[in-house]
Amino acid sequence: DKANIQTNKYVWLIVSSFSTYCFFRLIMILIKTKMSVIWIWLTAFFYGFEIVYGILQLTGLLDSGSHIFAITGSFANAGPFGGLLTLCICSFLPLLRTDRIKGVLRIIIYIEVILSFSLILPANSRAAILALIVSLLLMAYASDSVRQKMRDNKKLVIAIFVALVALGVFGYYIKKPSADGRLFAARRSVAIMVSNRGKGVGLANYSKSYAKEKVRYLSRIMEDDAEGLKWQNISESERMNCGNSLNVYNDYLQIGVECGFIPMLLFCIICCVVAFFSYKARNTWSYPFIALCVFANFSYPMMTSELRTLFIVLLCLCVNTSDKEKNLYHKISLSVALAGTILFIWNKRVDFFHYSQSNKMYLDMFYRTKDDANEFYNAAESMYYDLDDNFNFLLEYGKCLYHNKEYDKSISELKRCADVYADPNIVGLIGDNYCKKGEYDKAEEYYRQSFMMEPNLIRPLYNLARLYLKEGDTARFYTIYDVSRGFVPKKESDRTGGIRIALDNLYQEISNNNK
């Protein structure tokens, strides 16, 4: 698939991640023992910062940045924050069972582990709790005495298995809508890979491909035709939980969709091999690494810079540095790889700094002009070439162009946004532009697509009803009106109530004209 405005960002993530791995791997070979101590101090400081941040949010002294979760750390999202708490526990708990750390550092780590345990439930991340349970069980199984007890007592093994199954069922039902939504996304992601014969759709193209697959799948179920949108044909679970998404909440599947089946398989093999052999060698860093690999099955740690960096360093710490790896050839190969990535970054430094600065430039411009549409339009026109790869800027600029009646330009910019984040509201706004241009067939296409992307929203039905009224097609208006009357949105609110009133007003207007 063709690149979009976010593709370069993903390329940077891959290159910088490989460069980080080579750097830490080389350091591990040169100063293995010292590197482990340095890493413990660095992570203790980082985890401590996040824990304090979370406590301040929990006590109401800091805003969580989320209208759903009270505690999110610096991530503004409870999922990655819960994952980080799990990594803190899994990293430091095995160390406390040894004499590798002493003094002040040991006291700090004790406090951080206790606080992490106390915060992980308020963080409300099932994926983090599951990853923690898996890692704790492996810690216990690493003990010779525990293994012997399990061999001697089969009933204990059965009891643990039943308890885990019961816990899994409980975890599923306690947040069933969220779980169903992720399962739906996973099934559709597998369908994308199958339809592409294992080839990737391209970096940063997951959202667009997922939206296309949803439209294909749901339109077939709804029997989409000129007579209406039969949303009742969709199971209520799928209809309510097939929301739009930037990612699949599974890093492995996202790699499979964007890069292809073989890269996904290679990544999975690397994770499994490193986890197995590091655990077998009783490497204490295997526990946080395994926890992060489990967490990646149900969340998106690789999409956050902090957890992605932790993954890379844990990978380095888990790979045993044998004497053979200390030879000159190994050092040279890592040095060449590191130098190559640094050279690539240096050659592309202008693009990198442009990307890193564009968001700051956009926010400065937005807050300076948000109260004056004309001022925003003038600023956007003058800064367009500095911000034309910024999603938030293009979205606001596309809306501004629509209100200024520059419909062709608005369509162009909004389509670029939809390539990055296929949101039904963005697609609906593209339909509004076509409607204003008088291209009703195109407008209908985008309105229907908007509904099928998320068939629990009532707004697309209103857009279609208004379009048919504008065309003078009262028969199709009545069809959509009948569909909307019994329609159950995902969440009733003042906005959905207002749309229903607007639909009733349109119906009343036609009835009065026919008298």
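Residues numbered from 1 in each chain as written. Predicted model: local features only at pLDDT ≥ 70, side-chain atom pairs only at ≥ 80, totals over all residues. Heavy atoms only, no water.

Helix and strand counts for the chain stand at 24 helices and 0 strands. Taken across its 515 residues, the chain has 47% of its residues classed as buried. Summed over all atoms, the accessible surface of the chain reaches about 26000 Å², with 62% contributed by carbon and sulfur. (Helix = DSSP H or I, 4+ residues; strand = E, 2+ residues; numbered from the N terminus. Buried < 20%, exposed > 50% of the residue type's maximum accessible area, 1.4 Å probe, protein only. Areas by Shrake-Rupley, 256 points an atom, 1.4 Å probe, with all protein chains shown as cover.)

Further remarks concern the pattern of salt bridges. This structure, assessed with the given rule, holds 17 salt bridges. Asp408 is the partner of Lys437 in a salt bridge, and the nearest nitrogen-oxygen pair spans 2.4 Å. Of this pair, Lys437 sits in helix α20 (residues 424–437) while Asp408 sits in helix α19 (residues 407–420), and the two are 29 residues apart along the sequence. A salt bridge links Asp432 to Arg466; the shortest N-O distance between them is 3.3 Å. (Salt bridge = Lys/Arg side-chain N within 4 Å of Asp/Glu carboxyl O.)

In contact at an axis separation of 5 Å, helix α7 (residues 154–174) and helix α8 (residues 176–195) are set at 95° when each is read in the N-to-C sense. Judged by the inter-axis angle, α7 sits roughly perpendicular to α8. Contacts from Tyr172, Tyr173 and Ile174 of α7 reach α8 at Lys176, Ala179, Asp180 and Leu183. By residue class, the composition of the contact of α7 with α8 is 5 nonpolar, no polar and 2 charged. (Axes fitted to C-alpha atoms, helices over the stretch in contact; angles between N-to-C directions. Parallel < 35°, antiparallel > 145°, perpendicular 65-115°, else oblique. Contact = heavy atoms within 4.5 Å. Nonpolar A, V, L, I, M, F, W, Y, C, P; charged D, E, K, R; others polar.)

Bringing the confidence of the model for the chain into the picture now. Reading predicted coordinates in detail is not appropriate for stretches of low pLDDT. Predicted confidence across the chain gives a mean pLDDT of 83, with 89% of residues reaching 70 or more. Between the elements of the chain, mean pLDDT differs from a low of 63, seen in helix α15 (residues 328–347), to a high of 95, seen in helix α13 (residues 286–295). (pLDDT = per-residue confidence, 0-100.)

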